[in-house]
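Notes for the structure review
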Amino acid sequence: MISRKLRPFGVSIFSTMTRLALEHEALNLAQGFPDFDGPGEIFDLARKAMEEGCNQYARSRGLPVLTASIAHHFTECYGLDYDPETEIVVTCGATEGLAASILGLLDPGDEALLLEPYYDSYPACLAMAGASFRSVPLVHPEFALDLEALESRITGRTRLLLLNDPHNPTGKVLGEEECEALAALCTRHDLLVLEDAVYEQLTYDGRPFRPLAAFPGMRERCLTVSSTGKTFSLTGWKIGWVAGPKGLVDAVQAAHQFLTFAVATPFQAAMAEALRRFGPPYLETFRNEYRERRDLLVEILRDAGFQPAVPQGSYFVLADITGLTDKKAPEFALELIRRVGVAALPVDSFYTEGKEGEGSRLLRFAFCKRLDTLEEARRRLAAL
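Below, the structure is looked at part by part. Since we're looking at a predicted model, the values are computed, not measured.

1. Concerning the packing of helix 2 (residues 40-51) against helix 10 (residues 265-277)
Each pair of packed helices gets described by two things: the angle between the helix axes and the distance between those axes. At a minimum axis distance of 8 Å, the contact between helix 2 and helix 10 shows a crossing angle of 135 degrees. By the angle class used here, helix 2 and helix 10 are oblique. Considering the relative orientation of helix 2 and helix 10, their crossing is right-handed. In this structure, helix 2 uses Glu41, Ile42, Leu45, Ala46, Ala49 and Met50 to contact helix 10, whose residues at the interface are Pro266, Phe267, Ala269, Ala270, Met271, Glu273, Ala274 and Arg277. Each residue belonging to the contact of helix 2 with helix 10 can be placed in one class, and the counts come to 11 nonpolar, no polar and 3 charged.

Have a look at this one:
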């Protein structure tokens, strides 16, 4: 019997769509994992770590060599200095980092603020902590941030802003003025910030990402969560982290030690070296290759009759289906799988206020796929 806390969430939409894609031999553009591997050199680093004895439990907060590399990453990329011993925790992917942060920070009855569409683990993690949330929709295709609406959701119980930037699934990257306004709002209402930044290295068209922690007055109230899975196309390795001030990170560690305790040791050792080796030249090529995939998928969707929004970051495109069907997105997603063999993700479960509006007419397509996979999607979607 599933607990009352988790009963409303059922089976994840990701699991459902992947199962249907397999059953119907459809191209899986629903789930956000690459259909190719990351740099082979990183595999050699993991094998070397195993051969050299990195096969037992690591320090719960993370291998010192990895937390040092993560601290170096924050300094080099954002000018943020974190103590690798006390201000960083390595987690089993960003998902556990988010869960441990929420469980460690919030008490039953606390509230969080979300921007919707939100990643589906956020409400579930909040429910496990006995917390609730209020949300504000980002509206297709511009996904503008309505700060007045967000501030109007704040109550005496609001303790946390849970922010995803670059944003999944809209692809929005917050601009400098938006971040400054959010920082002012959080300071004004004494809110903590939990920022999910897993797509930090995937921004396009000169749109920079800067974590909210880097803005004045925010370092002491922000936790930043990220992962190597997206940056190195190795989502199955599940090497993530949470960085922030010692007091907040101690709260994360209080939960992490009882969730996974420690993360796979040889993968930590490999990623510690990869973070230092794969610098700007790799990242520039990485972004250029993903921008090519983004542009190709946007073109394919437009040609097929969708109304896609061009993402500024991440590896997803949200597309409006109203030019193709009168059906709602979940039903049309099933039709796409059965009729043309392409799986996309209906995002209605990522909404609360916008579930019957925005969420009912948008599908998410992932472009973290080989170019030939995307070209095959073009051929199949032409049947529409």
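2. A look at the pairing of strand 6 (residues 192-196)
Look at any regular strand and the pattern is simple: side chains alternate between the two faces of the sheet. Strand 6 sits mainly inside the fold: 5 of its 5 residues count as buried. Here strand 5 (residues 158-164) runs beside strand 6; their pairing, made up of 5 bridges, is parallel. Residue pairing in the sheet places Leu160 in a bridge with Leu192 of strand 6.

3. Things to note about the packing of aromatic side chains
Tallied over the entire structure, the rule returns 24 aromatic pairs. With 5.3 Å between their ring centres and 75 degrees between their planes, Tyr199 and Tyr315 make a pair best called edge-to-face. Within this pair, whereas Tyr199 is found in the loop between strand 6 and strand 7 (222-227), its partner Tyr315 is found in the loop between strand 9 (307-308) and strand 10 (316-320), the two being separated by 116 residues in sequence. With relative accessibility at 4%, the residue Tyr199 sits in the buried group. Judged by relative accessible area, which is 0%, Tyr315 ranks as buried. Pairwise contacts between aromatic rings join Phe36, Tyr199, Tyr204, Phe232, Phe278, Tyr282, Phe286, Tyr290, Tyr315, Phe316 and Phe367 into one cluster. Lying over the aromatic face of Tyr290, Arg293 brings its terminal NZ or CZ to 5.1 Å of the ring centre. Geometry around Phe33 places Lys369 over its ring, the cationic atom sitting 4.3 Å from the centre.

4. Focus: the side chain of Gln268
One can find Gln268 in helix 10. Excluding its chain neighbours within four sequence positions, the residues that come into contact with Gln268 are Ala58, Gly62, Leu63, Leu66, Val90, Ile239 and Val263.

5. What to know about the pattern of salt bridges
Under the definition given, this model contains 33 salt bridges. In this structure, Arg219 engages Glu220 in a salt bridge whose closest nitrogen and oxygen atoms are separated by 3.0 Å. Looking at Glu220, the relative accessible area reads 54%, which means it is exposed. Here Lys327 and Glu335 are joined by a salt bridge, their closest N and O atoms 2.5 Å apart. Classification of Glu335 as buried rests on a relative accessible area of 19%. Beyond isolated ion pairs, a larger network of salt bridges with shared partners links Glu299, Asp303, Glu375 and Arg378.

6. Side note on unusual backbone geometry
Residues Glu116 and Pro117 are joined by a peptide bond in cis, for which omega reads 10 degrees. Within the fold, Pro117 resides in the loop between strand 3 (111-116) and helix 5 (121-128). Unlike most non-glycine residues, Phe143 shows phi in positive territory, near 55 degrees. Checked against the element boundaries, Phe143 lands in the loop between strand 4 (132-137) and helix 6 (147-152). Not every positive phi belongs to a glycine, and Ser233 is a case in point at roughly 55 degrees. For Ser233, a relative accessible area of 7% corresponds to the buried category.

Scoring rules and cut-offs
Once a new chain begins, its residue numbering starts again from 1 and follows that chain's sequence as written. pLDDT decides what is reported in this predicted model: residues at 70 or higher carry local features, side-chain atom pairs at 80 or more are listed and counted, and totals for whole chains, interfaces and linings draw on all residues regardless. Remark: hydrogens and water are excluded; side-chain values derive from all non-hydrogen atoms of the structure. Angular values range over 0 to 180 degrees, each being the angle between N-to-C directions of two axes fitted as lines to C-alpha atoms, with helices fitted over their stretch in contact. Helix and strand assignments follow DSSP, with helices taken as H or I runs no shorter than four residues and strands as E runs no shorter than two, numbered in order from the N terminus. What sets the label is the angle itself: under 35 degrees gives roughly parallel, over 145 gives roughly antiparallel, 65 to 115 gives roughly perpendicular, and the rest give oblique. Handedness of each helix crossing follows the sense of rotation of the near helix against the far helix: counterclockwise by less than a right angle gives left-handed, clockwise gives right-handed. Contacts: residue pairs with any heavy atoms within 4.5 Å of one another. Basically, the charged four are Asp, Glu, Lys and Arg, the nonpolar ten are Ala, Val, Leu, Ile, Met, Phe, Trp, Tyr, Cys and Pro, and anything else, Gly included, counts as polar. Three exposure classes are used, based on accessible area relative to the maximum for each residue type with a 1.4 Å probe and protein chains only: buried under 20%, partly exposed in between, and exposed over 50%. At least two DSSP bridges between two strands are required for those strands to pair. Here a pair means two rings of Phe, Tyr or Trp (six-membered ring of Trp) with centres within 6.5 Å. Their orientation is stacked below 30 degrees between planes, edge-to-face above 60, and tilted elsewhere. The rule is short: NZ of Lys or CZ of Arg within 6 Å of the ring centre and within 35 degrees of the ring normal puts a charge over the ring. Salt bridge criterion: a side-chain nitrogen from Lys or Arg within 4 Å of a carboxyl oxygen from Asp or Glu.

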